[in-house]
Amino acid sequence: MSTLVGWHVELEFSEEGQRTGAAALIRLADGSEMKARGYAMRHPSDPEQLRVGEEIAGARALMDLASQLLQKAHGEIDEASGRHSYPLAH
């Protein structure tokens with residue numbers, strides 16, 4: 001099986017106090033880029049676990065990217081078919 005196309009995804013994390021932020025960027029084969037952000041908050045009584053905050057913030061940013069990709073794909077389906085498509089709820 002050969003690879004037809006590849007996407008480049010970048011995630012960067014920041015921590016400020018009890019808040020972890022994730023910035024996600026995806027570059028698609030058509031040259032377009034999409035950006036998203038996700039956040040996680042640590043309760044003051046919870047122990048510091050940077051990895052957990054990164055996982056939550058990163059997952060939220062990637063979920064936003066997934067939603068944007070679905071919107072883009074359905075817009076392209078609508079344009080090509082002349083009909084309104086109905087994306088699956090996630």
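Note that the coordinates shown come from a computational prediction; the quantities given were computed from them, not determined experimentally. (Residues numbered from 1 in each chain as written. Predicted model: local features only at pLDDT ≥ 70, side-chain atom pairs only at ≥ 80, totals over all residues. Heavy atoms only, no water.)

K.L.:
Would you take a moment to explain the overall build of the protein for this structure?
P.N.:
Along the backbone of the protein there are one helix and three strands. In sequence order, the protein lays out its α and β elements as β-β-β-α. On C-alpha atoms alone, the protein measures out to a radius of gyration of 17 Å, which is more than a quarter above the 12 Å that the 2.2 N^0.38 rule sets for 90 residues. Here the protein holds 90 residues, and the buried ones make up 21% of them. The long-range fraction of contacts in the protein, counting pairs at least 24 apart against all pairs at least 6 apart in sequence, stands at 37%. A total of about 6900 Å² of accessible surface is found on the protein, and carbon and sulfur atoms cover 55% of it. Across the protein, 9 positive and 14 negative side-chain charges occur, with their mean positions spaced 2 Å apart. (Helix = DSSP H or I, 4+ residues; strand = E, 2+ residues; numbered from the N terminus. Rg over C-alpha atoms; globule rule 2.2 N^0.38 Å. Buried < 20%, exposed > 50% of the residue type's maximum accessible area, 1.4 Å probe, protein only. Contact = heavy atoms within 4.5 Å. Areas by Shrake-Rupley, 256 points an atom, 1.4 Å probe, with all protein chains shown as cover. Lys, Arg positive; Asp, Glu negative; His and termini not counted. Charge placed at Lys NZ, Arg CZ, Asp CG, Glu CD.)

K.L.:
How should I be thinking about the pairing of strand S2 (residues 19–27) in this particular structure?
P.N.:
As a general feature of sheets, a regular strand has side chains that alternate between the two faces. Relative to S2, strand S1 (residues 8–16) runs antiparallel, the two sharing nine bridges. Within the sheet, the bridge partner assigned to glutamate 16 lies in S2 and is arginine 19. As consecutive antiparallel partners, S1 and S2 are separated by two residues, and within that stretch glycine 17 has a phi angle of approximately 65 degrees, a positive value. Sheet topology note: the S2/strand S3 (residues 33–41) ladder contains nine bridges and is antiparallel. The partner of arginine 27 across the bridge, within S3, is glutamate 33. (Pairing = 2+ DSSP bridges.)

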